[in-house]
Amino acid sequence: MVVPSNIAPVMSVLLCLVLASCVSRYLKSPRMKGRIGEWRVRWMARRLGKQGYRALHNVTLKTESGTTQIDHVLLSRFGCFVLETKNMKGWIFGSEHEANWTQQFPRQSFSFQNPLRQNYKHLKALETTLGVTPEHLHSVIVFVGNARLKGEMPANVTRGTDFVSFVQSFKAPIFSEAQVEAMHEALLTGRLAPTRATQRAHVQHLKQRNDPQARRECPKCGSRMVLRTAKAGVREGQQFWGCSAYPECRATQAV
């Protein structure tokens, strides 16, 4: 098929517009926005690397209920810092103990999970992997992009490069260089390989965890987990996942 000479330039322009639109949509997708935010924090954390901090990024660890993915971990003589990145716009409202925070724009607002609660799961996974006490693990939330933090946010909720100052505010040594090196090695060997396969498996786990109809396997014996309701105690009436092999296996998971 021969394209008339006067049509070819028009088709070329249309093709460029279509490609530009596809690229723009991909860059604005939640997945890509998250990656861009993590890349920005990784670049900003480089200045800490020159001060003796060991940085690991995109760390996926096994847990009793599946896997958990940590954006950034900074290991130092002054403690272990666990960074959760949020690439968002608008005004951000929230407090330490609220289950959900609010992202507000002039004409609309959205609710999202309190990132401090989200990062708490990461802290517990690191506590197990590294064998350190909770007081030596520090949760840090890093908002990048055009987000503006409103109200009285906790000191460990930061914006842009402010997380560097927060990390540097811990000046009392609690670990030796040998201990920092040992923790670094423990994470390198304990993490799952940072591959696409690991990422896909983690995403699948998240979907399964949020789907009450999805099949769940017991983390202890591999039997099927079934949804049950507590009949007594302080949790009476609340649902939970229990092992189908009960009473031989008494493993449970929260809903």
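Cut-offs and rules
- Residues numbered from 1 in each chain as written.
- Predicted model: local features only at pLDDT ≥ 70, side-chain atom pairs only at ≥ 80, totals over all residues.
- Heavy atoms only, no water.
- Axes fitted to C-alpha atoms, helices over the stretch in contact; angles between N-to-C directions.
- Helix = DSSP H or I, 4+ residues; strand = E, 2+ residues; numbered from the N terminus.
- Parallel < 35°, antiparallel > 145°, perpendicular 65-115°, else oblique.
- Contact = heavy atoms within 4.5 Å.
- Buried < 20%, exposed > 50% of the residue type's maximum accessible area, 1.4 Å probe, protein only.
- Phe/Tyr/Trp six-rings, centres within 6.5 Å; stacked < 30°, edge-to-face > 60°.
- Lys NZ or Arg CZ within 6 Å of the ring centre and 35° of its normal.
- Polar contact = N/O pair within 3.5 Å; in protein donor to acceptor, adjacent residues only side chain to side chain.
- Core = buried A, V, L, I, M, F, W, Y, C linked by side-chain atoms within 4.5 Å.
- Pairing = 2+ DSSP bridges.

Participant: How would you explain the packing of helix α4 (residues 115-130) against helix α6 (residues 177-190) if you had to name every residue and give the values?
Facilitator: Packed helix pairs are specified by the crossing angle of their axes together with the interaxial distance, meaning the distance between the axes. Look at α4 against α6: their axes get within 10 Å of each other, and the N-to-C directions meet at 110°. The angle between α4 and α6 falls in the class roughly perpendicular. Across the interface between the two elements, L126, T129 and L130 of α4 pack against M183, A186 and L187 of α6.

Participant: Before we move on, can you summarise the side chain of K86 with the specific residues and values?
Facilitator: Relative to the elements of secondary structure, K86 occurs in strand β3 (residues 79-87). Overall, K86 belongs to the buried group, its relative accessible area being 16%. The contact partners of K86, leaving out residues within four places of it in the chain, are P115, Q118, V142, F143 and V144.

Participant: Let's hear about the packing of aromatic side chains: which residues, and what values?
Facilitator: Tallied over the entire structure, the rule returns seven aromatic pairs. For the ring pair F81 and F170, a centre distance of 5.3 Å and an interplane angle of 65° mean the geometry is edge-to-face. One end of the pair, F81, is in strand β3; the other, F170, is in the loop between α5 (162-168) and α6, and 89 residues separate them in sequence. Looking at F81, the relative accessible area reads 0%, which means it is buried. For F170, a relative accessible area of 26% corresponds to the partly exposed category. For the ring pair F105 and F110, a centre distance of 6.2 Å and an interplane angle of 75° mean the geometry is edge-to-face. Assessed through its relative accessible area of 26%, F105 is described here as partly exposed. Clustering of aromatic rings is evident, with ring pairs tying together Y53, F78, F81, F166 and F170. Positioned over the ring face of W91 is K150, at 4.5 Å from the centre of the ring.

Participant: Can you lay out the side chain of T85 for me, pointing to particular residues and giving the numbers?
Facilitator: Within the secondary structure layout, T85 lies in strand β3. Taking relative accessible area as the criterion, T85 reaches 9% and is therefore assigned buried. At a separation of 3.2 Å, a polar atom in the side chain of T85 contacts the side chain of H72.

Participant: Run through the nonpolar core, naming residues and quoting values.
Facilitator: By size, the foremost hydrophobic cluster in this structure holds 18 residues, and its most contacted members are L75, L126, L130, M183 and L187. At the level of secondary structure, the elements contributing two or more residues to this core comprise β1 (54-63), β2 (66-76), β3, α4 and α6. For this core, the leading source of residues is α4, giving four residues. L48, Y53, F81 and V167 belong to the second-largest nonpolar core, a separate cluster that totals 15 residues.

Participant: Go over the sheet that holds strand β11 (residues 239-243), please, and point to the residues and values.
Facilitator: Taken in spatial order, the three strands line up as β10-β11-β12 in an open sheet, and their pairing is antiparallel. Every interior strand has two partners, whereas the edge strands, β10 (225-229) and β12 (252-254), have only one. The sheet shows a mean angle of 35° between the axes of neighbouring strands, direction not considered. Relative to β12, β11 runs antiparallel, the two being bridged by three bridges. Directly across from W241, in β12, lies its bridge partner Q253.

Participant: Quick rundown of the pairing of strand β5 (residues 100-104)? Include the residues and the values.
Facilitator: In summary, the side chains of a regular strand alternate between the two faces of the sheet. Residues W101 and Q103 point to one face of β5 and are all buried, whereas N100, T102 and Q104, pointing to the other face, are not buried. Here three bridges tie strand β4 (residues 91-93) to β5, and the two strands are oriented antiparallel to one another. Its bridge partner lying in β5, W91 is registered against Q104. Counting the residues between successive antiparallel strands, the hairpin from β4 to β5 contains six residues. In this structure, β5 lies alongside strand β6 (residues 109-113), joined through five bridges in antiparallel fashion. Bridged to W101 within β6 is F112. Following β5, the chain reverses through four residues before pairing antiparallel with β6.

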